[in-house]
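# Fold and contact review
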Amino acid sequence: MKRPVPLEHHLYTGNSTKTQKEMFLLLDATGNFLTKGYYAAVDAKKERTSKHAQTFGTKNTSQNTTASQDRSVWLALLHFLSQRQQTPVVAFTFSRARCDDNARSLESMDLTTSIEKAEIHSFFQKSLSRLRGGDRQLPQVHPQKYSLWRSLSVFYVLYP
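Residues numbered from 1 in each chain as written. Predicted model: local features only at pLDDT ≥ 70, side-chain atom pairs only at ≥ 80, totals over all residues. Heavy atoms only, no water.

Those residues of helix H3 (residues 96–105) that fall on the buried side of the exposure criterion are Cys 99, Asn 102, Ala 103 and Ser 105. With its buried residues spanning 165 degrees around the axis, H3 presents them on a single face. Next to the buried residues of H3 lie helix H2 (67–83). (Buried < 20%, exposed > 50% of the residue type's maximum accessible area, 1.4 Å probe, protein only. Helix = DSSP H or I, 4+ residues; strand = E, 2+ residues; numbered from the N terminus. Arc of directions from axis to C-beta. Contact = heavy atoms within 4.5 Å.)

Below you can see the structure in the form of C-alpha cells.
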C-alpha cells in the first residue's frame, strides 16, 4: 500500500527566529537514510554551541532545556512550518508531563480559521456524544476542545 502523502523524517535544530530554518531531511519518502542531512544537522548544532561558548563561556553543558526555551523552539518551528505551508504536522514527545507542558505553553498560538473552528466544534461535539456520561466529564476531555480549536492536540499512548 502506498501512502497518499509520502512520509519524510526531518530533524529540527532551530531554537529561535534566527535559526528557524535549520531543518534537515534524515529519511526521504522512499525510506532512505540521508547521512548528508544528519551531518549537516550535527554541524549546525555544533556551530551554534561553539559560538555560544566563545561569547559566554561554557557554563552549562547539560542538554536539559527550560520551559521557556522549549516554548521558543516550538513557536519557531510552527511559525516556520506554517510559512512553508507544511502543516499539519505530528510531533512526538516521550514524556506525558512534558507533552502537557508543551501544549500549555502553546495556548497563545492559533492555527485555524473560523471555518475550521466550526468543523472542529462539530466533530468534537459528535465525538463527545458517543462517550458515556462519566467519561464526558473527565478532566482531560474539555481542555482538548480548546487545544483542538487552535489546531493543537495531545494524544497519549501508555505502554504496560
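What follows concerns the packing of helix H4 (residues 114–129) against helix H6 (residues 141–149). Viewed as axis vectors pointing N to C, H4 and H6 meet at an angle of 160 degrees, and their least axial separation amounts to 9 Å. Between H4 and H6, the angle is such that the two are roughly antiparallel. Seen along the crossing, H4 lies across H6 with a hand that is right-handed. Packed against H4, whose contacting residues are Lys 117, Ile 120, His 121, Phe 124, Gln 125 and Leu 128, the element H6 presents Val 141, His 142, Gln 144, Lys 145, Leu 148 and Trp 149 at the interface. Residues of the contact of H4 with H6, tallied by class, amount to six nonpolar, four polar and two charged. (Axes fitted to C-alpha atoms, helices over the stretch in contact; angles between N-to-C directions. Parallel < 35°, antiparallel > 145°, perpendicular 65-115°, else oblique. Left-handed = near helix turned anticlockwise from the far one by under 90°. Nonpolar A, V, L, I, M, F, W, Y, C, P; charged D, E, K, R; others polar.)

Taken together, Phe 33, Tyr 38 and Tyr 39 make up a surface patch of nonpolar side chains, about 350 Å² in accessible area. By secondary structure assignment, the location of Phe 33 is in the loop between strand E2 (23–27) and helix H1 (35–56). (Patch = residues over 30% accessible without salt bridge, like charges linked within 9 Å, V, L, I, M, F, W, Y side chains within 5 Å. Areas by Shrake-Rupley, 256 points an atom, 1.4 Å probe, with all protein chains shown as cover. Salt bridge = Lys/Arg side-chain N within 4 Å of Asp/Glu carboxyl O.)

Tallied over the full model, the rule gives two aromatic pairs. A centroid spacing of 6.4 Å and a plane angle of 45 degrees characterise the contact between Phe 33 and Tyr 38, whose relative ring orientation is tilted. Given a relative accessible area of 35%, Tyr 38 falls into the partly exposed group. Geometrically, the ring pair formed by Tyr 38 and Tyr 39 is edge-to-face, given 5.2 Å between the ring centres and 75 degrees between the ring planes. Taken together, Phe 33, Tyr 38 and Tyr 39 form an aromatic cluster joined through their ring pairs. (Phe/Tyr/Trp six-rings, centres within 6.5 Å; stacked < 30°, edge-to-face > 60°.)

The biggest cluster of nonpolar side chains holds eleven residues, and these are Tyr 12, Met 23, Trp 74, Ala 76, Leu 77, Leu 78, Phe 80, Leu 81, Leu 106, Met 109 and Leu 152. With six residues, the top contributor of residues to this core is H2. Once residues lying within four places of it in the same chain are set aside, the contact partners of Leu 106 are Trp 74, Leu 75, Leu 78, Arg 150 and Leu 152. (Core = buried A, V, L, I, M, F, W, Y, C linked by side-chain atoms within 4.5 Å.)

Looking at the element boundaries, Thr 65 is found in the loop between H1 and H2. Taking the relative accessible area as the measure of exposure, Thr 65 reaches 39% and is therefore partly exposed. Discounting residues that sit within four places of it in the chain, Thr 65 has contacts with Asp 70 and Arg 98.

Time to look at the side chain of Asp 70. Relative to the assigned elements, Asp 70 resides in helix H2. Apart from residues lying up to four places away in sequence, Asp 70 is in contact with Thr 65, Arg 98 and Asn 102.

Here Ser 105 lies in helix H3. For Ser 105, a relative accessible area of 18% corresponds to the buried category. Along the backbone, Ser 105 and Ser 72 are 33 residues apart, and their C-alpha atoms lie at a distance of 9.4 Å.

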